[in-house]
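Secondary and tertiary structure notes
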Amino acid sequence: MPKAASAETSQVAEFEKSLDELEQLVVRMEHGELSLDDSLQSFERGIALYRNCQSALDQAKLRVSEL
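Values in this document were obtained by computation on a predicted structure and should not be read as measured data.

Another point: the side chain of serine 18. If you trace the backbone, serine 18 turns up in helix 1 (residues 3-30). In this structure serine 18 touches Leu49, Asn52 and Cys53, once residues within four positions along its chain are discounted.

What follows is the structure in structure tokens.
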């Protein structure tokens, strides 16, 4: 597999992993069973995951527009 294709596969896998973790965090927070400290930590983690996902989507849009 060419190096570029391998990197693309890795980016897609990382995006999917981040999105899955973000969805799990949202479900846990929606249930309202977390302490305030845990909720804040989950929120901060969620923001980081969102930014990772948004960055990956921005890169994909750029590549599509280049094609």
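Mapping histidine 31 onto the fold places it in the loop between helix 1 and helix 2 (36-66). Polar side-chain contacts of histidine 31 include one of 2.9 Å to the backbone oxygen of valine 27.

Take serine 42: it is sitting in helix 2. Setting aside anything within four residues of it in sequence, one finds serine 42 in contact with Leu25, Arg28, Met29 and Leu34.

Another aspect to go through is helix 2. Given a rise of 1.5 Å per residue, 31 residues ought to cover 45 Å, and the 45 Å separating the end C-alpha atoms of helix 2 matches this to within 8%. Those residues of helix 2 that fall on the buried side of the exposure criterion are Ser42, Gly46, Leu49 and Cys53.

The volume enclosed by the largest pocket comes to roughly 170 Å³. What lines the largest pocket is simply Glu8, Gln11, Val12, Phe15, Ala56, Leu57, Gln59, Ala60 and Arg63. When residues of the lining of the largest pocket are traced back to their parent elements, those giving at least two are helix 1 and helix 2. Broken down by element, the residue count for the lining of the largest pocket peaks at five residues, all from helix 2. Across the lining of the largest pocket, the residue classes break down as five nonpolar, two polar and two charged.

Scoring rules and cut-offs
- Starting from 1, residues in each chain are numbered consecutively following that chain's sequence as written.
- Note on the predicted model: pLDDT of at least 70 is required for a residue's local features to be given, and 80 or more for side-chain atom pairs to be given and counted; whole-chain, interface and lining totals, by contrast, use all residues.
- Side-chain metrics in this entry use all non-hydrogen atoms of the structure; hydrogen atoms and water are not considered.
- Numbering of helices and strands runs from the N terminus; a helix is a DSSP stretch of H or I covering at least four residues, while a strand is a stretch of E covering at least two.
- It only takes one pair of heavy atoms within 4.5 Å for two residues to be counted as in contact.
- Nitrogen and oxygen atoms within 3.5 Å of one another constitute a polar contact, given that in protein one can donate a hydrogen and the other can accept it, and given that sequence-neighbouring residues count only through two side-chain atoms.
- In this scheme, a helix's expected span is set at 1.5 Å multiplied by one less than its residue total.
- The buried label applies to any residue whose accessible area, calculated with a 1.4 Å probe on protein chains only, is under 20% of its type's maximum; exposed applies above 50%, and partly exposed to all values in between.
- Here a cavity is any set of points on a 1 Å grid over the protein atoms alone where a 1.4 Å probe fits but cannot get out, and a pocket is any open set with protein on both sides within 12 Å along at least 5 of 7 lines; a residue lines the site when it has an atom within 4 Å of a point.
- Grid points are joined across faces, edges and corners, and a volume is the space filled by probe spheres set on the points.
- Lys, Arg, Asp and Glu make up the charged group, whereas Ala, Val, Leu, Ile, Met, Phe, Trp, Tyr, Cys and Pro make up the nonpolar group; the residues left over, Gly among them, are polar.

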